[in-house]
Amino acid sequence: MKSIACISSSVRAACQHTSTCLPLNRAFIVCSPLGRCSNVDFACRGQEPCVTGVRNFHGTHVNTAVVQQVSAEPPLSHVPMPGKREDDLTVYQLTRRVPPRAALRPAPSAALRPAPHLSQYTPYTKPQSEAAALVNMQSLFEGEVIPELCSRLADLPSSDRAEGLATLLGACVEFGLKAHSPLVRRLTDECLQLLSKRDIEVGQLCHLGEVACNLEGGQSGLVKEVLDAVGVAVEDDVISPSEAVRLYSLLALCHDPASQQQTHTLYTLHRHTKRLAHQLTAGQVSEILQLLVKLQQRRSISLVMRLSHRASRVFKAFTDKEVIEVLSALMILGQHDEDLLAAMEKHLPGRLEKSDPEMIGAVMEYCLLTRCRSEPIFEAVAENFVSRGETHTTLQIAKQIVAMGRLNYLPQCSSQMFKKLESILSTRFSQFQPRSLIEVLHACIHLERFPLNYMSKVFSPYFLQRLQVQGEPLDKNARGYLTQLNLSASLECSYYRGPRLPFILHVKKFSSVDQAFETPMESLLYKQVKGPLTELLGGHFYSTKIFSQGGYTIDVEICLDDRGYVLPQSQWDHTHRRIALCLDGQNRFSSNTQHLLGKEATKRRHLRRMGYEVVQIPYFEFEKLGTLESRVQYLHNKIFPTIFKFKHRS
């Protein structure tokens, strides 16, 4: 690109003229400003080099003192790369070659040193040493340097000129020049004049916008002009996948939710991205999803679903880090695709052995949040835990066990898995965070595995005090976990003789806003059951949403006397037996199977232990019945065998 070549050669000429040099302790990387490597080989072809595009900039303090001593250096040498293809970059050795005994020779005076050789075709880098002085950048750009560069760029196409100006502005940001300095203001004015033409390509606009954001912030006049030009370009042009990623990155960098202009540009960009979703690579899918999270695009459901579907097609190409990023973004955006789960079930079991445990934890967390009870994934995770569990962190262990417990999945290797868990708890008990520890133990009771050896430690005053001292107060959920552990010990482990949870820490009701311990009854399912149930019992001889003594909420309660007859509510004082009807809506099951969640299975076990006869009315059975007669008969078949059983016992 001619503009870049002009900048490069002019900067070198300025360096020779002013006897100063750029303090670049990091060499310019030879690549195109759009992030695509160029077919450049300076040593072999003698072409003019390209200056790198703008990286993530940071302010660099610049001293006003001019360098007093400049070391004489030999030209940079070409480093041959084995197996180098024609389109690969030529790599230059930027290390200083020190001849033998160089350290023993006295340093020559500055006056006797020859001027540093500046090759026309190789980037120059001043060697840095501990005694090197900082360079006065202002002296480099004094005089006619910038006007000359701008005049050389003036006759080039707009996109090339924009790239050159962005590179110069990027250098200003790199060296810590402020937006109000004359040099930056001159370049900014040139950019504003160029942007008025509206004929710059999307890639160069993004480059210029990123530099302007780092220089002046997202509310500057230059950024607003760039965003205006981006809006026009996106509306008129067909963009590529890489350009879509850069546009999302630019909009995330200077995001303003109140800006109608940005909202419209985002809407148009979403439309383009949905069209080209099938062309996106695995890395681009991951990056766009992360940027959508930064842009708070939870309402862009159709785009997120397209990206999720594309992720299922390229899942095999994801790295462990990209899997974590994709699943984390989908959890935040609140979307789930069945095809993605199928892809995970196909590809994850074979790669778990060599995978990062952090990725395994992210997968289990995703399955838990979406209520996906996946047998292939859970079996592979359980086997991996048995073989490698001791290498996992306590948090990674907690994510795996909690997901299996809450989704009510008991793997085939459960005996080995719980032996491994017991071994880890025995050796690393103090390493677990208190909250994570009680969640792990609480998940175990969902699978009817009762950690009695550790309940005594959890109920000890020392642990309860530790739980509060470490900044994790005993909120309702923490107290609920402890209460349910205590209830399991009382109802299901009568032989337990260890300490109990202090009564003051018990929760009175397990119902909560986040539905951590039980899922409320679905009103639609109750309306469907209400009429047939009243018809069956001959009246409204039942009550709804009753709190049991243990703290659970009973959907529908029917009371019987000692002879097994249904009692009206006015005679409930003579109750001898109770029937708990569980109207199990869709949210009480995993999303992809008809298995109850762990909390619901535990609730039913506890209700039976407290003396209730539990009758389950699952939605997938009841909704198939279309007539009133069939529904009444269904309820009769469910309820009356229980009543007859009571009569027989009497």
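Preceding block: the structure.
Rules behind the numbers
Residues numbered from 1 in each chain as written. Predicted model: local features only at pLDDT ≥ 70, side-chain atom pairs only at ≥ 80, totals over all residues. Heavy atoms only, no water. Salt bridge = Lys/Arg side-chain N within 4 Å of Asp/Glu carboxyl O. Helix = DSSP H or I, 4+ residues; strand = E, 2+ residues; numbered from the N terminus. Buried < 20%, exposed > 50% of the residue type's maximum accessible area, 1.4 Å probe, protein only. Pairing = 2+ DSSP bridges. Axes fitted to C-alpha atoms, helices over the stretch in contact; angles between N-to-C directions. Contact = heavy atoms within 4.5 Å. Phe/Tyr/Trp six-rings, centres within 6.5 Å; stacked < 30°, edge-to-face > 60°.

Draft legend 1. View of the pattern of salt bridges. Counted according to the given criterion, the structure contains 18 salt bridges. Here arginine 604 ties to glutamate 600 by a salt bridge, and the two come within 2.9 Å at their closest N and O atoms. With arginine 604 and glutamate 600 both in helix H24 (residues 598-609), this residue pair falls four residues apart, about one helical turn. Each member of the pair arginine 604 and glutamate 600 is classed as buried. One network of salt bridges, in which partners are shared, links Asp555, Asp584, Arg588, Glu600 and Arg604.

Draft legend 2. Up close: the sheet that holds strand S2 (residues 553-560). Spatially, four strands are ordered S1-S2-S3-S4 in an open sheet, and the strand pairing comes out mixed. Each edge of the sheet is formed by a strand with only one pairing partner; in this case those strands are strand S1 (543-547) and strand S4 (613-618). With strand direction ignored, the average angle separating the axes of adjacent strands in the sheet is 40°. Inspection of the sheet shows S2 paired to strand S3 (residues 577-584) by five bridges, in the antiparallel sense. If you follow leucine 560 over to S3, its bridge partner there is arginine 577. Packing against the sheet, helix H23 (residues 523-537) makes contact with S1, S2, S3 and S4, and its axis sits at approximately 145° to S3. In the packing of H24 onto the sheet, the strands contacted are S2, S3 and S4, and the crossing angle to S4 comes to about 150°.

Draft legend 3. Here's a closer look at the packing of aromatic side chains. Under the counting rule described, the total for this entry stands at 11 aromatic pairs. Both rings, one in phenylalanine 378 and one in tyrosine 409, keep their centres 5.4 Å apart while their planes meet at 85°; by these two values the pair is edge-to-face. Of this pair, phenylalanine 378 sits in helix H16 (residues 375-388) while tyrosine 409 is found in the loop between helix H17 (394-406) and helix H18 (414-428), placing the two residues 31 residues apart along the sequence. Classification of phenylalanine 378 by relative accessible area gives buried; the value is 0%.

Draft legend 4. Main features of the pairing of S2. The element S2 is largely enclosed, with a buried count of eight among its eight residues. Here S1 runs beside S2; their pairing, made up of four bridges, is antiparallel. Opposite serine 543, over in S2, you have glutamate 557 as the bridge partner. Here S1 folds back onto S2, and the loop between the two strands holds five residues, one of which, glycine 551, carries a positive phi near 105°.

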